[in-house]
Every structure is written in C-alpha cells, then in structure tokens.
Amino acid sequence: MKSGARVEAGGPADLRGALLAWYGKNRRDLPWRNSRDPYRVWVSEIMLQQTRVAVVIPRYEKFLNKFRSVEKLASARVASVLAEWSGLGYYRRARNLHAAAKMIARAGKFPKDAEGWRELPGIGRYTAAAISSIAFNEAVAVLDGNVERVLRRLLGRSLSSAESWKVAQEMLDHARPGDFNQAMMELGATICVPGQPLCTECPIQRFCRTRGCGKAGASKPRQLKRQIEFVLATDDGCVRLVRRSTDASLMPGMWELPSCEAVGSTDEVLFSVRHSITVTDFNVRVIAGKGIPACGGTWVKTSRLSGLPLTGLAKKILRKARIIL
Ligand code: SF4
C-alpha cells in the first residue's frame, strides 16, 4: 500500500487476511451472494444503488423469476419492467436496466471488464467495479459511502474522492477482489457504521488509527417531514388514476392517485400512511373521492392494476384500501 495508507500494526496482507476471514464467518446470507452469474450480480447492484437491503431482498428473486435472463429482460415491454420495479423507487434505474439489457442482448455477451460495463446506461464507476470484481474476479476496487467511511477512520484523516479511490485500489486483495470489496462494504454496513462504530467487534481494529475516536463518522442526513393528500375515488370496479408525465424527473410514466392541492376541513379522511422518499418523510392523507371537485385522471379497471406500473405510494394506498393485494 502507498498513498499514506500504512496501517498501525501488521501489513496490508495481514489486514486483508483478517478482513476476509471475518467476512467468511460473518457475512450476511443475502440472495445475490449465492451466484457469480453476471446477470444476477448486475440486477442486484442496480437494485441496491438507492434502496435498502431489506427492501431489495423480497423483490430480487421476484424480478429474476419474471425476467429469467438478460434476453428475457431485453424483449420485455418497458411498462412491465416498470411494473415489476414498482416500490423500489428511482425508476430511472429500471429504464436504464432495460435499455442496457437490449444493448447486451444485441452484442450477444456481457462486457468483460469494468471499463466495458461503464459504457452501459445507469452504470457508474462504483457499479462497474462491483459487477466486474464479483462476477469476473477483476482486480478493481469499489468505493461507496461505507467504504469511504472505513478508509477515513482506518487512516485517521479525511481523503479526497480521488485519494479514496487510490487507497481502496491499493488496499484491494488481488486474489479475491470480489470478496474483498464485499467485505469492505459489509464492514461499513454492519460494524464501522455511521455514528458510533462497533470497534470491539471489528476484525481490523488493530490496524485502525481512530478506533472510534476520530471525527470521521458521517451522521445521517436529517429527515424532512411533509404532509400531502391524495384522493381515492372508486366507482363500479374502477379507480381514478393519473399518469405522471414521461418527462418527470421522478417516476416518469408511472401511475398514481390524483392529488388535490386544496382539501377542505370537511373532506372525509379515509386513512393516513407514512412514506419516505430520499430524505423526506411524508404523512399522506387519503381523502374520499366523493364530492371532491375533479382532480384529473382517468377511470382504470381494478382488474388491470396488476399490469400497470404503479408508484410505490399508489400501491401502498391501494393495498391499504384493499383494492389490490
Ligand atoms: Fe471502524 Fe472502529 Fe474498525 Fe476503525 S476499529 S475500522 S473505526 S469499526
């Protein structure tokens, strides 16, 4: 290791050995860790980009059961990919996944290295390195928020993004790059956590310059709270829905319930749900549609809902109202 990445005790090989041994015994049993198939690795990395592990777990196998291969995904309609993605948020990922699947299917093979993966839509430096190191054993390091935090604490100083990438690459185990990358991320997610790290359980504590005493912990961004209202109108086996603009930056082309800006105090509140999008927590009031002035949208048969790309919030409301399962 260079770049000032010398550690307190032992050498880089000892650190790699300690981290990999810990990972072998303690790694979480996650469904995407049972395979090195590039398609499965790629889908998991895209789902995990902005969605929590607990949310991804039940959706991962379901998605792969529906789209069993990259060719199946490539030949699917974008609406059915979006419908399967519903609830995972950040729908641009699903559109990019679909577009990239078409490119891979046309080429007849997966890219063979991180550089090739980066040419596909929706794949940046981190994702390309993660896929290529796990699926193809390419010796390229990953750097996400978790790894960055571990490196800062380990070295006891702040690092620019370029330095972090360099140190991560120098620290990488070239014999087992995929496992090493996952071990670093696992350490950051479960032991070297934001706030107070669990240093007494850390496998690389003896190499660490801060051991929980540094100022390197990243605090969770503050959650903002907002109240919003949606109208639930049903009639004769239909529900009123609105399609979001295909140019919308969030969830383009997805279907949701109509929202009304001015809801009076006399309107009937059916129920409330909580919903989070990035750093904002929403308290969502669902208002009975009767008597509310037209809020736009169109009547959609409830029997069609399962094939429609609904936003996660729309699904949550329709489930609570027992309109869908
Ligand atoms: Fe993080 Fe503590 Fe381990 Fe250092 S000893 S890497 S601060 S968990």
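1. Here's the deal with the packing of aromatic side chains
Scanning the model with the defined rule gives six aromatic pairs in all. When the ring of W32 is compared with that of Y60, the centres are 5.4 Å apart and the planes differ by 85 degrees; the resulting orientation is edge-to-face. Of this pair, W32 sits in the loop between helix 1 (12-26) and helix 2 (38-48) while Y60 is found in helix 3 (residues 53-66), placing the two residues 28 residues apart along the sequence. Look at W32 and you get buried, because its relative accessible area is 8%. On the basis of relative accessibility, which here comes to 0%, the residue Y60 falls in the buried class. One cation-aromatic arrangement involves R125 over W165; the distance from NZ or CZ to the ring centre is 3.8 Å.

2. Brief notes about the confidence of the model for the protein
With 89% of its residues at a pLDDT of at least 70, the protein reaches an overall mean of 87. When pLDDT is averaged over each helix and strand of the protein, the minimum, 81, is found for strand 1 (residues 224-232) and the maximum, 98, for helix 4 (residues 70-75). Low confidence marks residues 2-9, where pLDDT is under 50. Its contacts with residues over four positions away, or in another chain, come to 22 contacts. Every residue in residues 216-222 scores below 50 in pLDDT, and together they form 11 contacts with partners more than four places removed in sequence or on other chains.

3. Here we look at unusual backbone geometry
Of note, Y90 is a non-glycine position whose phi angle comes to about 45 degrees, a positive value. Of note, Y90 is situated in the loop between helix 5 (78-85) and helix 6 (92-107).

4. As for the packing of helix 8 (residues 125-136) against helix 11 (residues 177-190)
Interhelical geometry of helix 8 versus helix 11 gives an angle of 130 degrees and a closest axis separation of 7 Å. Compared by their axis directions, helix 8 and helix 11 come out oblique. The crossing of helix 8 and helix 11 is left-handed. Packed against helix 8, whose contacting residues are Y126, A129, S133 and I134, the element helix 11 presents P177, G178, N181, Q182 and M185 at the interface. Partitioned by chemical class, the residues of the contact of helix 8 with helix 11 number five nonpolar, four polar and no charged.

5. Some points on the site of the ligand
What surrounds the ligand is the set R153, I191, C192, P197, C199, C202, Q205, C208, T210, R211 and G212. When grouped by side-chain class, the residues that make up the shell around the ligand number six nonpolar, three polar and two charged.

6. Regarding helix 3
Here helix 3 is 14 residues long and its end C-alpha atoms lie 20 Å apart, about the 20 Å a rise of 1.5 Å per residue gives. Of all bends in helix 3, the biggest is about 30 degrees, found at R59. Burial in helix 3 covers these residues: V56, R59, Y60, F63 and L64. On its buried side, helix 3 packs onto helix 2, helix 4, helix 5 and helix 6.

7. Some details on helix 6
In this model, helix 6 (16 residues) spans 22 Å end to end at C-alpha, consistent with the 22 Å of a helix rising 1.5 Å per residue. Among the residues of helix 6, those classed as buried are R93, A94, L97, H98, A100, A101 and I104. Tucked inside the fold, the buried residues of helix 6 contact helix 2, helix 3, helix 4, helix 5 and helix 7 (114-117). Trailing helix 6 by a residue or two, G108 shows a phi angle of about 80 degrees, which is positive.

8. Some details on the packing of helix 5 against helix 6
Orientation of helix 5 relative to helix 6, taken along the N-to-C sense of each, is 135 degrees, at an axis distance of 9 Å. Taken together, the axes of helix 5 and helix 6 lie oblique to each other. The interaxial crossing formed by helix 5 with helix 6 has right-handed handedness. Touching V78, V81, L82 and W85 of helix 5 are R93, A94, R95, L97 and H98, all from helix 6.

9. Points about the pattern of salt bridges
Tallied over the full model, the rule gives 11 salt bridges. Across the salt bridge formed by K166 and E170, the nearest N and O atoms sit 3.4 Å from each other. With K166 and E170 both in helix 10 (residues 161-171), this residue pair falls four residues apart, about one helical turn. Residue classification places K166 among the partly exposed residues on the basis of a relative accessible area of 47%. On the accessibility criterion, E170 (19% relative accessible area) is buried. The structure contains a network of salt bridges with shared partners spanning R28, R33 and E186.

Conventions adopted
Residues numbered from 1 in each chain as written. Predicted model: local features only at pLDDT ≥ 70, side-chain atom pairs only at ≥ 80, totals over all residues. Heavy atoms only, no water. Phe/Tyr/Trp six-rings, centres within 6.5 Å; stacked < 30°, edge-to-face > 60°. Helix = DSSP H or I, 4+ residues; strand = E, 2+ residues; numbered from the N terminus. Buried < 20%, exposed > 50% of the residue type's maximum accessible area, 1.4 Å probe, protein only. Lys NZ or Arg CZ within 6 Å of the ring centre and 35° of its normal. pLDDT = per-residue confidence, 0-100. Contact = heavy atoms within 4.5 Å. Axes fitted to C-alpha atoms, helices over the stretch in contact; angles between N-to-C directions. Parallel < 35°, antiparallel > 145°, perpendicular 65-115°, else oblique. Left-handed = near helix turned anticlockwise from the far one by under 90°. Nonpolar A, V, L, I, M, F, W, Y, C, P; charged D, E, K, R; others polar. Near = heavy atom within 4 Å. Expected span 1.5 Å × (residues − 1). Bend = angle between axes of the 7 residues up to and from the residue. Salt bridge = Lys/Arg side-chain N within 4 Å of Asp/Glu carboxyl O.

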